[in-house]
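# Architecture at a glance
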Amino acid sequence: MDNYRGKNVVITGGGSGIGFATAKLLADGGARVLITGRSQATLDTALERLGGNAVAVRGDVAALSDLDTLAERARDELGTVEALFVNAGIAATMPFASTTEQFYDEMFAINAKGAYFTVRKLAPLLSTGAGVVLTTSTANVTSLPATGVYSASKAALRSMARTLAGELLPRGIRVNAISPGPVDTGILGTTMPEAEAERFVAERAAENPMGRLGTPGEIARAVAFLAFDATYTTGAELVVDGGATQL
Ligand code: NAD
């Protein structure tokens with residue numbers, strides 16, 4: 001149960017869904033965990049469930065000043081960081097023909113720029129042998145209707161796993177991407193009317209080879225593997241999608 005004792009972990013978007021499940025797995029295993037997200041209420045609820053070995057810092061990953069604050073707090077609270085889970089993100093659909101500049105810019109500001117600068121700002125704290133995991137998505141290789149902007153932002157993350165792995169290899173730091181298929185969290189269908197969202201989610205489950213959505217815990221275990229156990233793996237992508245993109 002104490003697999004992660006002595007390890008310090010930072011998780012963006014750690015208050016809910018996949019990020020929270022990963023925080024819980026690692027905190028239960030003895031890690032000290034710092035979570036960040038935009039909603040103080042969500043972070044407070046998460047902290048209550050994580051127990052005493054966790055701390056929360058509210059902030060927007062798209063704002064570089066917030067990332068500076070996050071890095072300062074991480075230095076004060078943790079000192080060094082052995083695992084960084086770059087997981088904060090948004091998902092939304094918008095038809096190609098009506099895509100707005102604002103929609104495009106917000107998606108890339110959070111999913112792509114936010115991820116890149118999270119690594120950039122926290123890199124000085126990463127210890128030798130640390131693992132960085134970036135959350136991409138199987139959307140980076142699929143072509144569902146109206147997902148062009150989200151998919152492109154997640155493809156950027158797949159690319160960053162390779163380039164940042166090269167940048168950080170001289171310091172003995174590994175960088176990998178986790179690529180979830182449809183996972184049962186609040187993010188699925190968030191921008192759709194309720195009935196449409198329910199249909200979207202039901203379709204994703206029905207079309208999956210395993211006939212269901214993944215759970216946040218199933219992704220968390222793969223993240224923990226990449227962050228701590230995959231010591232000969234860097235620049236890679238681990239697909240966890242019930243076989244959706246493979247079968
Ligand atoms: P979620 O909505 O529960 O988690 C997203 C988290 O990111 C939230 O805690 C939110 O507060 C945080 N966040 C969003 N914008 C932020 C910002 N600007 N600054 C700081 N924090 C911000 O949903 P989830 O499914 O757990 O999503 C986690 C990651 O997994 C996302 O990057 C998402 O794109 C990716 N993903 C999810 C699925 C899925 O089906 N659930 C599939 C593939 C990839």
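Residues numbered from 1 in each chain as written. Predicted model: local features only at pLDDT ≥ 70, side-chain atom pairs only at ≥ 80, totals over all residues.

Defined as follows: UniProt positions are given in the numbering used here, feature names are shortened, and annotations may be inferred rather than shown by experiment.
The name an unreviewed UniProt entry gives the protein is SDR family oxidoreductase, with Amycolatopsis samaneae as the organism. Annotation of the protein in UniProt includes, under Sequence similarities (unreviewed entry), the sentence "Belongs to the short-chain dehydrogenases/reductases (SDR) family."

### With respect to the site of the ligand
Which entries qualify depends on this criterion: Nearness rests on one distance test: the residue's C-beta atom, set from the backbone, must lie within 6 Å of the molecule or strand. Helix and strand assignments follow DSSP, with helices taken as H or I runs no shorter than four residues and strands as E runs no shorter than two, numbered in order from the N terminus. The classification used treats Ala, Val, Leu, Ile, Met, Phe, Trp, Tyr, Cys and Pro as nonpolar, Asp, Glu, Lys and Arg as charged, and all other residues, Gly among them, as polar.
Near the ligand there are 29 residues, and of these Gly13, Gly17, Gly89, Thr185 and Ile187 occur at the shortest range. When residues of the shell around the ligand are assigned to their parent elements, the largest contribution, three residues, is made by helix H1 (residues 17–28). A class-by-class count of the residues in the shell around the ligand yields 12 nonpolar, 15 polar and two charged.

### Structural notes on the sheet that holds strand S2 (residues 32–37)
Hydrogen bonds along the backbone pair up the strands of a sheet, which may run parallel or antiparallel. Selection rule: The rule for pairing is simple: two strands pair if DSSP sees at least two bridges between them. Axis definition: a line fitted to C-alpha atoms, over the contacting stretch in the case of helices. Angles run 0 to 180 degrees between N-to-C directions. By the convention adopted here, residues make contact when the C-beta atoms placed from their backbones lie within 7 Å.
If you walk across this open sheet you meet the seven strands as S3-S2-S1-S4-S5-S6-S7, and the pairing is parallel. The strands lining the two open edges of the sheet, one partner per strand, are strand S3 (54–58) and strand S7 (237–240). If you compare each strand with its neighbour and ignore which way they point, the axes differ by 20° on average. Where helix H5 (residues 148–168) meets the sheet, its contacts fall on strand S5 (126–135), strand S6 (174–180) and S7, and the angle it forms with S6 comes to roughly 165°.

### What to know about the nonpolar core
Nonpolar side chains in soluble globular proteins tend to be buried together. The cut-off we apply is this: Think of a nonpolar core as buried Ala, Val, Leu, Ile, Met, Phe, Trp, Tyr and Cys residues, each tied to the set through C-beta atoms within 7 Å. Counts of 20 or more other C-beta atoms within 10 Å of a residue's own C-beta define buried residues, counts of 12 or fewer define exposed ones, and intermediate counts define partly exposed ones; C-beta atoms are placed from the backbone.
Membership of the largest hydrophobic core comes to 63 residues, with the highest contact counts inside it found for Ala23, Val33, Leu84, Val132, Leu134 and Val223. Those residues in contact with valine 33, other than ones at most four positions away along the chain, are Val9, Ile11, Ala23, Leu26, Ala27, Leu50, Asn53 and Ala54.

### Considerations on the environment of glycine 17
Turning to its location among the elements, glycine 17 is positioned in helix H1. By the C-beta count within 10 Å, which is 21 here, glycine 17 ends up buried. In this structure, the C-alpha to C-alpha distance between glycine 17 and isoleucine 187, residues 170 residues apart in sequence, is 8.1 Å. Once you skip the residues sitting within four places of it in the chain, glycine 17 turns out to touch Thr185, Gly186, Ile187 and Pro216.

### Points about the packing of H1 against helix H2 (residues 40–50)
What counts here: To sort the angles, those under 35 degrees are grouped as roughly parallel, those over 145 as roughly antiparallel, those from 65 to 115 as roughly perpendicular, and the leftovers as oblique. Handedness of each helix crossing follows the sense of rotation of the near helix against the far helix: counterclockwise by less than a right angle gives left-handed, clockwise gives right-handed.
Direction vectors running N to C along H1 and H2 enclose 25°, while the axes themselves pass 10 Å from each other. For the element pair H1 / H2, the angle class is roughly parallel. Helix-helix and strand crossings are classified by hand; for H1 and H2 the assignment is right-handed. In this structure, H1 contributes Phe20, Ala23, Lys24 and Ala27 to the contact, and H2 contributes Ala46, Arg49 and Leu50.

### Observations regarding helix H3 (residues 64–77)
Cut-off, in case you're wondering: For a helix, the expected span equals 1.5 Å multiplied by the residue count minus one. Throughout, the arc means the angular range of directions from the helix axis out to the C-beta atoms.
Between its first and last C-alpha atoms H3 spans 20 Å; for 14 residues at 1.5 Å apiece the expected length is 20 Å, and the two agree. Among the residues of H3, Leu67, Leu70, Ala71 and Ala74 are the ones counted as buried. All buried residues of H3 lie within an arc of 100° about the axis, which places them on one face of the element. Looking at H3, the residues exposed on the side facing more than 90 degrees away from the buried face are Ser65, Glu72 and Asp76. Where H3 is buried, its residues contact strand S1 (8–12), S2, S3, strand S4 (81–86) and helix H4 (101–122).

### Some thoughts on the UniProt feature "domain: Ketoreductase" (unreviewed entry) in the protein
Taking the UniProt record as the reference, the feature "domain: Ketoreductase" (unreviewed entry) is found at residues 7–181. A distance of 28 Å separates the end C-alpha atoms of residues 7–181, which is 46% helix and 22% strand.

### Looking at the packing of H1 against helix H7 (residues 216–229)
Between H1 and H7, whose axes approach to 8 Å, the crossing angle comes to 60°. Here H1 lies oblique to H7, going by the angle between them. Handedness of the crossing formed by H1 with H7: right-handed. Along its contact with H1, which presents Gly17, Ile18, Ala21, Thr22, Leu25 and Leu26, the element H7 presents Pro216, Gly217, Ile219, Ala220, Arg221, Val223 and Ala224.

### As for H2
Among the residues of H2, those classed as buried are Leu43, Ala46 and Leu50. All buried residues of H2 project into a common sector of 65° when viewed along the axis, lining one side. Away from its buried face, by an angle of more than 90 degrees, H2 presents the exposed residues Ala41, Asp44, Glu48 and Arg49. Buried residues belonging to H2 abut H1, S2 and S3. Directly after H2, the chain includes glycine 51, whose backbone phi takes a positive value near 80°.

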